[in-house]
Structure formats: structure tokens, C-alpha cells
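A structural walkthrough
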Amino acid sequence: DVKVTQSSRYLVKRTGEKVFLECVQDMDHENMFWYRQDPGLGLRLIYFSYDVKMKEKGDIPEGYSVSREKKERFSLILESASTNQTSMYLCASSLGDRASNQPQHFGDGTRLSIL
Amino acid sequence: AQKVTQAQTEISVVEKEDVTLDCVYETRDTTYYLFWYKQPPSGELVFLIRRNSFDEQNEISGRYSWNFQKSTSSFNFTITASQVVDSAVYFCALSALGDSNYQLIWGAGTKLIIKP
């Protein structure tokens, strides 16, 4: 089974802090994704990566950056956290090339609160 | 434009009832893929099924079944003899080349409550 592991289930940070959310997958998947999920807004793609050191912006990249130095690890960075970034963050991975139609497999999510 | 509509925001049924979750999609592509995911209260999204646009056969997996109809652009999900453990938010999603280059287009989700 695919295992996608997010470093924290719950995280509380302060406004202005630099926040790192880590995600690791164990199935050698090429693609990795970061979403945020908010009530009434569904899942929104922040960034995705289709290869090491490659990244593309999703629908809502503002205020975020990402890093993929190794194939199995995809990090989401909040450069200067703000209260409107309080949300549930979901990491996912999938097989295939950049235009992949393969299922995405998700981690348990990180519920981030910015005070 | 590509879009997925799950018109049912919340459905509540009593255990053992059958329940159908609706999903209507829009795309101009002839090749596309449809997905269903389940998100239980614990939060993890669980992949349930993928269907490509050339395969209109209905799928059955235990108490779950999926009805794909291209004529109405629908990919509905039925749970037979529902159980409390089926309580979750269910998402339908579309993947097509179109404008999104196969990134998933998500529906808003349907919250399913199964009462004992």
C-alpha cells in the first residue's frame, strides 16, 4: 500500500513565523501535491511537483513556497504565516508523468492554526 | 471550462438504507477520468475508484456501486445497506487534459451521515 506521511497532525504557530510542513511518500511516485481544505471551499491546489527540483503553481500559491530536493519528500513553506493560512493541509502523491491521470494518494493531513 | 458539481451538500439516512451520491461533470475533452474519494472524520482522503471516459460499464465493489452515464455527464455513487462506518465526506473529481493538464478538478463534497 502507498504510504504518505505528513510530519504533524496538529500544529500551532504564531503570525509572522516561518512554517515548514513536511510530506514523505514511500512508493517512488513522481508527482507530489499540496492542497489546503477549508469549509465551503473544498480542496484547492497550492503547488505540485512532477520531479525532483521541479514545481508548478496551483490555484492558490500566494504566501507559500515548496521544496523538493529528494523524490520522496515534498515540503510546503509558509514564509511568514498569517491568520488566513489557518487551514487543513493535505499532501498527496501519484504515479506517472506531469500529465498524470493516476489516482492521488493522500496523507492524514495537518491541521494548522496560526494565532 | 471543466467543472464538477455535487449538488447534495449533506445527506442523512438511517443505517441499512440505500443512498446515492450524485456527481455531474463538465468537460470538452473526449478523454477524461473520474474519481471518487472518501474522507472519514479522521481526515485522510481515501481513493475509491477511477473510471476513464471510454469505459461506461458500471462498477460494483461489495456494497458500493458506481453508475457512469456519458449521456447525462454523471458518475453517481450508491451505497447499498449503509452502515455507520460509511459516514464521511465523499468527493467526486475529474481529470482531463483541457485547461488543467490533468490536474484534479474537485467537487465540493457531500457529507453523508448514517444514523444507527
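Structural data are supplied above this passage.
What you see is a predicted model; the values in this text were computed from it and never measured.

**With respect to the environment of A:Gly58**
Residue and element names in this part refer to chain A.
- With respect to the helices, strands and loops of the structure, Gly 58 is situated in the loop between β6 (54-57) and β7 (64-70).
- Expressed as a C-alpha distance, the spacing of Gly 58 and Tyr 47, which sit 11 residues apart in the sequence, is 4.6 Å.
- Ignoring anything within four residues of it in the chain, the contact list for Gly 58 reads Leu 45, Ile 46 and Tyr 47.

**Focus: the environment of B:Leu34**
Residue and element names in this part refer to chain B.
- Checked against the element boundaries, Leu 34 lands in strand β5 (residues 32-39).
- Separated by 40 residues in sequence, Leu 34 and Ser 74 have C-alpha atoms that sit 9.7 Å apart.
- When residues no more than four places from it in sequence are discounted, the contact partners of Leu 34 are Tyr 25, Ile 49, Arg 50, Arg 51, Phe 68, Phe 75, Ala 93 and Leu 94.

**Let's talk about the pairing of β7(A)**
All names here are of chain A.
- Pairing of β7 with strand β8 (residues 73-78), which is carried by 5 bridges, proceeds in the antiparallel orientation. Bridge pairing in β8 links Val 66 to Leu 76.
- Remark: 2 residues form the turn of the hairpin made by β7 and β8, two consecutive strands paired antiparallel.

**A few points about unusual backbone geometry**
Residue and element names in this part refer to chain A.
- Non-glycine residue Asp 28 carries a positive phi angle of around 60°.
- Within the secondary structure, Asp 28 is located in the loop between β3 (19-25) and β4 (31-38).
- Of note in this structure, Lys 53 is not a glycine but carries a positive phi near 65°.
- Within the secondary structure layout, Lys 53 lies in the loop between β5 (42-51) and β6.

**A word on the sheet that holds β8(A)**
Residue and element names in this part refer to chain A.
- Taken together, 4 strands build an open sheet; the order of strands is β1-β3-β8-β7 and the sheet is antiparallel. Because the sheet does not close on itself, it has two edges, and the strands there are β1 (4-6) and β7. Adjacent strand axes in the sheet meet at a mean angle of 20°, parallel and antiparallel pairs treated alike.
- Note that β3 and β8 share 6 bridges and pair antiparallel. From the neighbouring strand, Val 24 faces β8, where its bridge partner is Arg 73.

**Structural notes on the interface of chain B and chain A**
- Tallying the contact residues gives 17 residues for chain B and 19 residues for chain A.
- Taking both sides of the interface into account, the surface hidden between chain B and chain A amounts to around 1600 Å²; carbon and sulfur atoms contribute 52%.
- Across the contact surface, chain B and chain A share 0 salt bridges.
- Those elements giving two or more residues to the side of chain B that touches chain A turn out to be β5, β6 (46-52), β10 (88-96) and β11 (104-106) of chain B.

Conventions we followed
- Residues numbered from 1 in each chain as written.
- Chains lettered and ligands numbered in written order.
- Predicted model: local features only at pLDDT ≥ 70, side-chain atom pairs only at ≥ 80, totals over all residues.
- Heavy atoms only, no water.
- Helix = DSSP H or I, 4+ residues; strand = E, 2+ residues; numbered from the N terminus.
- Contact = heavy atoms within 4.5 Å.
- Pairing = 2+ DSSP bridges.
- Axes fitted to C-alpha atoms, helices over the stretch in contact; angles between N-to-C directions.
- Buried area = accessible area lost by both parts, 1.4 Å probe.
- Salt bridge = Lys/Arg side-chain N within 4 Å of Asp/Glu carboxyl O.

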